[in-house]
Amino acid sequence: MSIKKPKPVIEYRNYYLPSSFPVLLLTGDNWKISDVKSEHLHFHNCLEVGICHSRSGILEFCNAMTMPFSEGDVTCIPRNIPHTTYSAPCTKSRWSYLFFDPRQLFRDMLPPDFSYSMICDDVHKYLIPAGLSRRIPLLADAAVEELSAEEPDRMLAKSYLFALYMEIIRFQNPEMHNIQSENTPPPGKIHHVSAIIQ
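Cut-off values and rules
- Residues numbered from 1 in each chain as written.
- Predicted model: local features only at pLDDT ≥ 70, side-chain atom pairs only at ≥ 80, totals over all residues.
- Heavy atoms only, no water.
- Helix = DSSP H or I, 4+ residues; strand = E, 2+ residues; numbered from the N terminus.
- Buried < 20%, exposed > 50% of the residue type's maximum accessible area, 1.4 Å probe, protein only.
- Contact = heavy atoms within 4.5 Å.
- Phe/Tyr/Trp six-rings, centres within 6.5 Å; stacked < 30°, edge-to-face > 60°.
- Core = buried A, V, L, I, M, F, W, Y, C linked by side-chain atoms within 4.5 Å.
- Salt bridge = Lys/Arg side-chain N within 4 Å of Asp/Glu carboxyl O.

1. Description of the overall build of the protein chain
1) Next: Looking only at helices and strands, one finds four helices and 11 strands in the protein chain.
2) Next: When the 198 residues of the protein chain are sorted by exposure, 42% land in the buried category.
3) Next: Considering only residue pairs separated by 6 or more positions, the protein chain has 78% of its internal contacts joining residues 24 or more positions apart.

Written out as structure tokens, the structure reads:
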């Protein structure tokens, strides 16, 4: 007679995101991940973007699926995805975390019919190894730096987060070269960012 393994305990973590600016930043020298594996997985009420600043370890999902991470990697875990993170033995990896709600934060920047479910269901793409994308870590670092300022510029931080979000979608869905709505004006009518910042 086979003995069924007990189902893993999964915890819900609700992060408070102010309606005026639904973003939460966790960063600093105190944000280090232990090498002790948690007995429970957890999931969030919002999108989590993590930046590994040092060391290495394991990112684990349901069904004991694991992926190694190391310094320079970026994680992007949608809401409601159970997971846990722990460092390599005898080390503590240091992280910065951005938690935000794209539906609320970007509601005035994307068309009404935009599909926020574009972030893929393939957990292997929830970890973006260092070197596979030049823009994603730069944008994530820029958002963390701005939000860490004594008086952060919310519009600038929001712009970094928007570009980061769209770059993550493009990374996870490389076949989607052009993410736009049917209601989006044709390319000739759009003032591209590259032209503006030159």
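2. Digging into the packing of aromatic side chains
1) Next: Summed over the entire model, instances satisfying the criterion amount to 10 aromatic pairs.
2) Next: For the pair Tyr 12 and Phe 43, a centre-to-centre distance of 5.2 Å together with 40° between the ring planes defines the contact as tilted. Here Tyr 12, found in strand 1 (residues 10-13), pairs with Phe 43, found in strand 4 (residues 41-44); they are 31 residues apart in sequence, far enough to count as distant.
3) Next: Residue Tyr 12 is classed as partly exposed on the basis of its relative accessible area, which comes to 47%.

3. Some thoughts on the nonpolar core
1) Next: Val 49, Leu 98, Phe 100, Phe 106, Leu 161, Leu 164 and Tyr 165 are the most contacted members of the largest nonpolar core, which has 48 residues in total.
2) Next: With eight residues, helix 3 (residues 154-172) is the single largest residue contributor to this core.
3) Next: In contact with Val 49, not counting residues within four places along its chain, are Val 74, Thr 75, Cys 76, Ser 96, Tyr 97, Leu 98, Phe 100, Leu 164 and Ile 168.

4. Considerations on the pattern of salt bridges
1) Next: As enumerated under the stated definition, the model contains four salt bridges in all.
2) Next: Linking Lys 158 and Asp 108 is a salt bridge whose minimum nitrogen-to-oxygen distance equals 3.0 Å. Pair noted here: Lys 158 is in helix 3 and Asp 108 is in the loop between helix 1 (102-105) and strand 11 (127-128), with a separation of 50 residues, a long-range link.
3) Next: Looking at Lys 158, the relative accessible area reads 12%, which means it is buried.
4) Next: Here Asp 108 falls in the exposed class, since its relative accessible area comes to 58%.
5) Next: Among the charged side chains, a salt-bridge network with shared partners connects Arg 135, Glu 167 and Arg 170.

5. Description of unusual backbone geometry
1) Next: Of note in the backbone geometry, Arg 55 takes a positive phi value of approximately 70° without being a glycine.
2) Next: The topology assignment puts Arg 55 in the loop between strand 5 (47-54) and strand 6 (56-61).
3) Next: Positive phi outside glycine occurs at Asn 80, with the angle close to 70°.
4) Next: Structurally, Asn 80 is set in the loop between strand 8 (74-77) and strand 9 (83-87).

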